[in-house]
Amino acid sequence: MRIIIISQMLTEGGAERVASMWIKGFVQRGHEVFVVMNTNHPHPITYEIPPNVRIYNLRCRYIPFLFHKILGRFITYQPLRLRRIIKDIRPDLIIGLLHPYATWAYKASKGMNVKIINTEHNSFERPESVPFTKDDIINKFERNKYFSHVTVLTQADKDIIGDKLKNVSVLPNPLCLQPVEKIPPKENIILASGRLYAWHVKGLDLLIKAWAKIAKKYPDWKLEIAGNDRKNNKSFLEALATKEKLQSNQLEFLGFCEDVESLYRRSSIFVMSSRYEGLGMVLIEAMSQGCACIACDYKGRQSEIIQNDSQGIICPVEDVDSLASAIERMILDKSYREKCQYNAIERSKFYSLDNTMDRWEKIIDNLG
């Protein structure tokens, strides 16, 4: 089968990393894969792509990036360029990574009888404190009606959609790390990972408050928070830590870490304190490296990952006391912690690339 995957770029982002793994998986399954990007020179490809995959760009590399940005305010010319690419490739299937790329493919392939799948990479509901924009609602519940199929990350999202959309499948993102064969040597580290500039969504303020409640009781344990910063949001979190009387030996901000795998391997406990998430990929990654995991769960999504108490602890969102109690339980009960670490490794294998490609093949077969 000839498959086009359309993405903004293949640089750094989580969804883009997922696309790079799909590309690898489709090639391994014998499909002919083409990649279409909508980027320019400032964004080189940083993920490994099989050498036989042909890459197209919707933007002409001879036109300055700023001109594209200005032009985009007045006209969306990319679907015209995309139509020429589709005519050249003649694909059986086009997969769009996030909006608006599946929509562009829909417009560009009119009259060509090409199946189009849009892949959604965040949840279909949010708390009242962070509501969807009007565009979000249109994209999720109106534009998704255009496509042959739509994939969502969790069963919870498919349930929310109900009969608003047809042809919806649950397709969790694949795990990018190889699960460890045995629990690595662990240190007394509680790890969290998330963008500091998205601290409210990631619930990092809640985590700091929860740790402050019990940190003095466990002086040989330390909370480490990994994640990049923008607009100096780290200062807010540092001020909060000072207000909560946490010392530097109790809490450390690591910044952006390229080798996050080594952080998972040496950390005993991993905490995902988010107020809401689609599918917690960092949670699955941490599980694969033998962390005992704690996850705050908005509307059942993370409960699809941590299915029971033997795999980790699920907490309600925005509940500092519950989060503190969960961390304390993991610290105090070593045998329970080790049980969770072992079972987490086994559970993470459900999200392997091979299993993901089996799910993809089933979706494609059902499309006919």
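Structure's up top.
What you see is a predicted model; the values in this text were computed from it and never measured. (Residues numbered from 1 in each chain as written. Predicted model: local features only at pLDDT ≥ 70, side-chain atom pairs only at ≥ 80, totals over all residues. Heavy atoms only, no water.)

### Focus: the packing of helix α12 (residues 320-332) against helix α13 (residues 334-348)
Right, on to step 1. Look at α12 against α13: their axes get within 5 Å of each other, and the N-to-C directions meet at 100°. When the axis of α12 is compared with that of α13, the two are roughly perpendicular. On α13, the residues touching Arg329, Met330, Ile331 and Leu332 of α12 are Lys334, Tyr336, Arg337 and Cys340. (Axes fitted to C-alpha atoms, helices over the stretch in contact; angles between N-to-C directions. Helix = DSSP H or I, 4+ residues; strand = E, 2+ residues; numbered from the N terminus. Parallel < 35°, antiparallel > 145°, perpendicular 65-115°, else oblique. Contact = heavy atoms within 4.5 Å.)

### Details of the side chain of histidine 121
Right, on to step 1. If you trace the backbone, histidine 121 turns up in the loop between β5 (115-119) and α5 (134-141).
Right, on to step 2. Side-chain polar atoms of histidine 121 contact the side chain of threonine 119, separated by 3.1 Å.
Right, on to step 3. Apart from the residues lying within four places of it in its own chain, the contact partners of histidine 121 are Ala15, Val18, Trp22, Leu97, Leu98, Leu153 and Asn173. (Polar contact = N/O pair within 3.5 Å; in protein donor to acceptor, adjacent residues only side chain to side chain.)

### A closer look at the packing of aromatic side chains
Right, on to step 1. This structure, assessed with the given rule, holds ten aromatic pairs.
Right, on to step 2. Residues phenylalanine 26 and tryptophan 360 carry aromatic rings whose centres are separated by 5.5 Å and whose planes lie at 55° to one another, so their mutual orientation is tilted. With phenylalanine 26 in helix α1 (residues 14-28) and tryptophan 360 in helix α14 (residues 353-367), this residue pair connects regions lying 334 residues apart in the sequence.
Right, on to step 3. On the basis of relative accessible area, phenylalanine 26 is assigned to the buried category, the value being 0%.
Right, on to step 4. The buried category is assigned to tryptophan 360, whose relative accessible area is 0%.
Right, on to step 5. Each residue in the set Trp22, Phe26 and Trp360 is aromatic and connected to the rest through ring pairs, giving one cluster.
Right, on to step 6. Its end group placed over the ring of phenylalanine 124, lysine 140 keeps NZ or CZ at 4.3 Å from the ring centre.
Right, on to step 7. The ring of tyrosine 336 carries the charged tip of arginine 329 above its face, separated from the ring centre by 3.9 Å. (Phe/Tyr/Trp six-rings, centres within 6.5 Å; stacked < 30°, edge-to-face > 60°. Buried < 20%, exposed > 50% of the residue type's maximum accessible area, 1.4 Å probe, protein only. Lys NZ or Arg CZ within 6 Å of the ring centre and 35° of its normal.)

### Thoughts on the sheet that holds strand β9 (residues 222-226)
Right, on to step 1. Strand order across the open sheet formed by six strands is β10-β9-β8-β11-β12-β13, with parallel pairing between neighbours. Single-partner strands in this sheet number two, and they are β10 (251-255) and β13 (313-316). Averaged over all neighbouring strand pairs, the angle between strand axes comes to 20°, with direction disregarded.
Right, on to step 2. Bridge analysis of strand β12 (residues 292-297) against β13 gives four bridges, and the strand direction is parallel. (Pairing = 2+ DSSP bridges.)

### Some words on the packing of helix α8 (residues 204-214) against helix α9 (residues 233-243)
Right, on to step 1. Between α8 and α9, the least distance of the axes is 10 Å, while the angle of their chain directions is 20°. Between α8 and α9, the interaxial angle falls into the category roughly parallel. For the pair α8 and α9, the sense of crossing is right-handed. Taking contact as the criterion, the partners of Leu204, Asp205, Ile208 and Lys209 in α8 are, on α9, Leu237, Leu240 and Ala241.
Right, on to step 2. Partitioned by chemical class, the residues of the contact of α8 with α9 number five nonpolar, no polar and two charged. (Left-handed = near helix turned anticlockwise from the far one by under 90°. Nonpolar A, V, L, I, M, F, W, Y, C, P; charged D, E, K, R; others polar.)

### Considering the pairing of strand β6 (residues 149-152)
The side chains of a regular strand alternate, residue by residue, between the two faces of the sheet.
Right, on to step 1. Going residue by residue along β6, you find His149 and Thr151 tucked away on one face and Val150 and Val152 tucked away on the opposite face as well.
Right, on to step 2. For β6 and strand β7 (residues 168-170), the ladder comprises three bridges, and the chain directions are parallel. Paired with threonine 151 across the bridge in β7 is serine 169.
Right, on to step 3. The parallel pair β6 and β7 is bridged by helix α6 (residues 155-161), and the resulting crossover is right-handed. (Right-handed = clockwise from strand over helix to strand, strands pointing away.)

### Some remarks on unusual backbone geometry
Residues apart from glycine generally show negative phi values, whereas peptide bonds are mostly found in trans.
Right, on to step 1. Here histidine 99 and proline 100 are connected by a cis peptide whose omega angle stands at 10°.
Right, on to step 2. With respect to the helices and strands, proline 100 occurs in the loop between β4 (93-97) and α4 (101-108).
Right, on to step 3. Positioned with a positive phi, lysine 299 is a non-glycine residue whose angle comes to about 60°.
Right, on to step 4. Looking at the secondary structure, you find lysine 299 in the loop between β12 and β13.

### What to know about the pattern of salt bridges
Right, on to step 1. Tallied over the entire structure, the rule returns 21 salt bridges.
Right, on to step 2. Arginine 266 is the partner of glutamate 187 in a salt bridge, and the nearest nitrogen-oxygen pair spans 3.9 Å. Of the two residues, glutamate 187 is situated in strand β8 (residues 187-193) and arginine 266 in helix α10 (residues 260-266); the sequence distance between them amounts to 79 residues.
Right, on to step 3. For arginine 266, a relative accessible area of 24% corresponds to the partly exposed category. (Salt bridge = Lys/Arg side-chain N within 4 Å of Asp/Glu carboxyl O.)

### Let's talk about the nonpolar core
Right, on to step 1. The biggest cluster of nonpolar side chains holds 39 residues, and the ones touching the most others in it are Ile190, Ile208, Trp211, Ile225, Ile294, Leu323 and Ile327.
Right, on to step 2. Apart from the residues within four sequence positions on either side, isoleucine 294 is in contact with Ile269, Phe270, Val271, Met272, Ile313, Cys315, Leu323, Ala326, Ile327 and Met330. (Core = buried A, V, L, I, M, F, W, Y, C linked by side-chain atoms within 4.5 Å.)

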